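As a plain string of letters, each chain reads:
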Amino acid sequence: MGRKIKKWYLYMVFATASFILSVIFLLWSVYYMSNTMVGTSFLTALAGFAFLASSVQVLRIAAYVYSVESGVSTNERKEG
């Protein structure tokens, strides 16, 4: 009855949400810079890059989790 949710799928959802937030914050940064709100622009750009970095790291974790769940051996992971 109950379907088992794959863990890598949850990581992909989180990475996608984090990437979308990074794009939103970076666009806000451009908007604030166009209105000469330099300090606010830098803070939102910092938040945007932080979300972008977290998205990349979560994608990396999702790849590891996917390879473990699919049963790929350690040697096959090193070759790829």
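The sections below set out a description of the structure shown in this document. Every chain begins its residue count from 1, and numbering advances along the sequence as written. Residues qualify for local features only when their pLDDT is at least 70, as the model is predicted, and side-chain atom pairs are given and counted only at 80 or more; totals for whole chains, interfaces and linings, by contrast, use all residues. Where side-chain values are given, they derive from all heavy atoms of the structure, hydrogens and water being excluded.

Focus: the overall build of the chain
Going along the chain from the N terminus, every DSSP run of H or I of four or more residues is numbered as a helix, and every run of E of two or more is numbered as a strand. Looking only at helices and strands, one finds three helices and zero strands in the chain. The buried label goes to any residue with under 20% of its type's maximum accessible area, the exposed label to any with over 50%, and the partly exposed label to all in between, with areas taken from a 1.4 Å probe on protein chains only. Per-residue burial over the chain gives 16% buried out of 80 residues. Only the protein chains shown count as cover for residues, with accessible areas throughout obtained via the Shrake-Rupley method and a probe of 1.4 Å. Summing over all exposed atoms, the chain offers an accessible surface of approximately 6400 Å²; the carbon and sulfur share of this is 70%.

Considering helix 1 (residues 7–34)
Helical geometry: 3.6 residues make up each α-helical turn, so side chains three or four residues apart lie on a common side. Helices are assigned an expected span. That span is 1.5 Å times one less than the residue count. If you check helix 1, its first and last C-alpha atoms are 41 Å apart, about what 28 residues at 1.5 Å a residue would give, namely 40 Å. Burial in helix 1 covers these residues: Ala15, Ser18, Ser22 and Ser29. Elements in contact with the buried residues of helix 1: helix 2 (38–70). Just past helix 1, the residue threonine 36 takes up positive phi, approximately 55 degrees. In this description, contact between two residues means that some pair of their heavy atoms is separated by no more than 4.5 Å.

Here's the deal with the packing of aromatic side chains
Aromatic ring pairs: the centre-centre distance and the angle between the two ring planes describe each pair. Planes of paired rings set the category: under 30 degrees apart is stacked, over 60 is edge-to-face and the rest tilted, where pairs are Phe, Tyr or Trp rings (Trp by its six-membered ring) whose centres lie within 6.5 Å. Following the criterion strictly, the structure yields five aromatic pairs and no others. With a centroid separation of 5.1 Å and an interplanar angle of 80 degrees, the aromatic rings of tryptophan 8 and tyrosine 66 are classed as edge-to-face. Remark: tyrosine 66 occurs in helix 2 and tryptophan 8 occurs in helix 1; sequence separation between them is 58 residues. On the numbers, 5.5 Å between centres and 35 degrees between planes, the contact of phenylalanine 25 with phenylalanine 51 is tilted. Of this pair, phenylalanine 25 sits in helix 1 while phenylalanine 51 sits in helix 2; the two residues are 26 residues apart in sequence, bridging distant segments of the chain. A network of ring pairs unites the aromatic residues Trp8, Tyr9 and Tyr66 as a single cluster.

A short note on the side chain of serine 55
Along the chain, serine 55 falls in helix 2. With residues up to four places along the chain from it excluded, the contact list for serine 55 reads Ala15, Ser18 and Phe19.

Points about unusual backbone geometry
Even without glycine at this site, threonine 36 takes up a positive phi of about 55 degrees. Its location among the elements puts threonine 36 in the loop between helix 1 and helix 2. Looking at threonine 36, the relative accessible area reads 66%, which means it is exposed.

Overview of a nonpolar patch on the surface
Residues Phe19, Ile20, Leu21, Val23, Ile24, Leu27 and Trp28 make up a contiguous nonpolar surface patch of about 630 Å² in total accessible area. On the secondary structure map, phenylalanine 19 appears in helix 1. Here the term patch refers to residues with relative accessible area over 30% and no salt bridge, with like charges joined within 9 Å and nonpolar side chains (Val, Leu, Ile, Met, Phe, Trp, Tyr) within 5 Å. Each reported salt bridge corresponds to a side-chain nitrogen of Lys or Arg within 4 Å of a carboxyl oxygen of Asp or Glu.

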